[in-house]
Amino acid sequence: MPIPARAGVVARSLLRDDAFRAIRDAIVNGTLAPGERLNDGDLAQWLGVSRTPVREALTRLEEAGLVRTRPGRYTMVSPLDLRALRGAQSVTTAMHELAVREALPNLSTAELDAMRAANARFARALRDDDVDAAVTADDDFHGVLVGASANAALRSVLDQFTPALRRLERLRFASLSGRGSVAQHERIIARCAAGDVEGAVAATRANWQTLAPLLDTAIDAGGPDT
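In short, a report on the structure.

1. Brief notes about the side chain of H142
Among the secondary structure elements, H142 is positioned in helix α6 (residues 131-149). Judged by relative accessible area, which is 6%, H142 ranks as buried. A polar contact of 3.1 Å, which involves the side chain of H142, links it to the side chain of N207.

Next up, the structure:
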């Protein structure tokens, strides 16, 4: 497998969690491509850690659907899988709807302003064709409501299933199909500001369902294992 250029990126005091995040992010941003064979020794060298936290990270990534392992044969980055992506989309959409329901009754002016600021960064990133910044700003936007829900179980489910969808979203934000999300975010903000729970839930659902048309085209282009 190719070794990413930057070595020693994990602080030794945070080995397990940071190894997980570093490998996860490399998969999501495409540095480690679908179908790429993974070698725990090479990953340990890249991260500047022992093999133990790398192996623990790979186990967690397999649970999240980002890594596929066949003991004694191979460990690889999971191909884009239609069934898994549809399942992740359904679960993630439901969790964001729940976040709106739980957050909205007590959503503060500061949190609404944070959503507006994140959407402004999101729009700017799309204009600049900066996919990394667009993904980060989109995370920040939805993260306001997730944080305001104060629901640790909801956050845990999203942490498991969102990374698989982020691989797909990078394709959307790299094309014109992502431009409509800015207006969708604005509708979510407007409904939240009006205290309209059902309207905000519907707008959130519509936003996450925009991934659906990309599923088949991404699968066809990516050569998945279905």
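Here the narrative resumes.
2. Section: the packing of α6 against helix α8 (residues 180-193)
Viewed as axis vectors pointing N to C, α6 and α8 meet at an angle of 20 degrees, and their least axial separation amounts to 12 Å. By the angle between their axes, α6 is roughly parallel relative to α8. Considering the relative orientation of α6 and α8, their crossing is left-handed. Residues D138, F141, H142 and L145 of α6 form the contact with α8, whose participating residues are H185, I188, I189 and C192. Of the residues belonging to the contact of α6 with α8, the class tally is five nonpolar, two polar and one charged.

3. Details of the pairing of strand β1 (residues 67-70)
Where β1 and strand β2 (residues 74-77) come together, four bridges link them in antiparallel fashion. When the sheet's bridge partners are listed, R70 is paired in β2 with Y74. Hairpin remark: β1 followed by β2, antiparallel, with three residues in the connecting loop; positive phi at G72, about 80 degrees.

Criteria and cut-off values
- Residues numbered from 1 in each chain as written.
- Predicted model: local features only at pLDDT ≥ 70, side-chain atom pairs only at ≥ 80, totals over all residues.
- Heavy atoms only, no water.
- Helix = DSSP H or I, 4+ residues; strand = E, 2+ residues; numbered from the N terminus.
- Buried < 20%, exposed > 50% of the residue type's maximum accessible area, 1.4 Å probe, protein only.
- Polar contact = N/O pair within 3.5 Å; in protein donor to acceptor, adjacent residues only side chain to side chain.
- Axes fitted to C-alpha atoms, helices over the stretch in contact; angles between N-to-C directions.
- Parallel < 35°, antiparallel > 145°, perpendicular 65-115°, else oblique.
- Left-handed = near helix turned anticlockwise from the far one by under 90°.
- Contact = heavy atoms within 4.5 Å.
- Nonpolar A, V, L, I, M, F, W, Y, C, P; charged D, E, K, R; others polar.
- Pairing = 2+ DSSP bridges.

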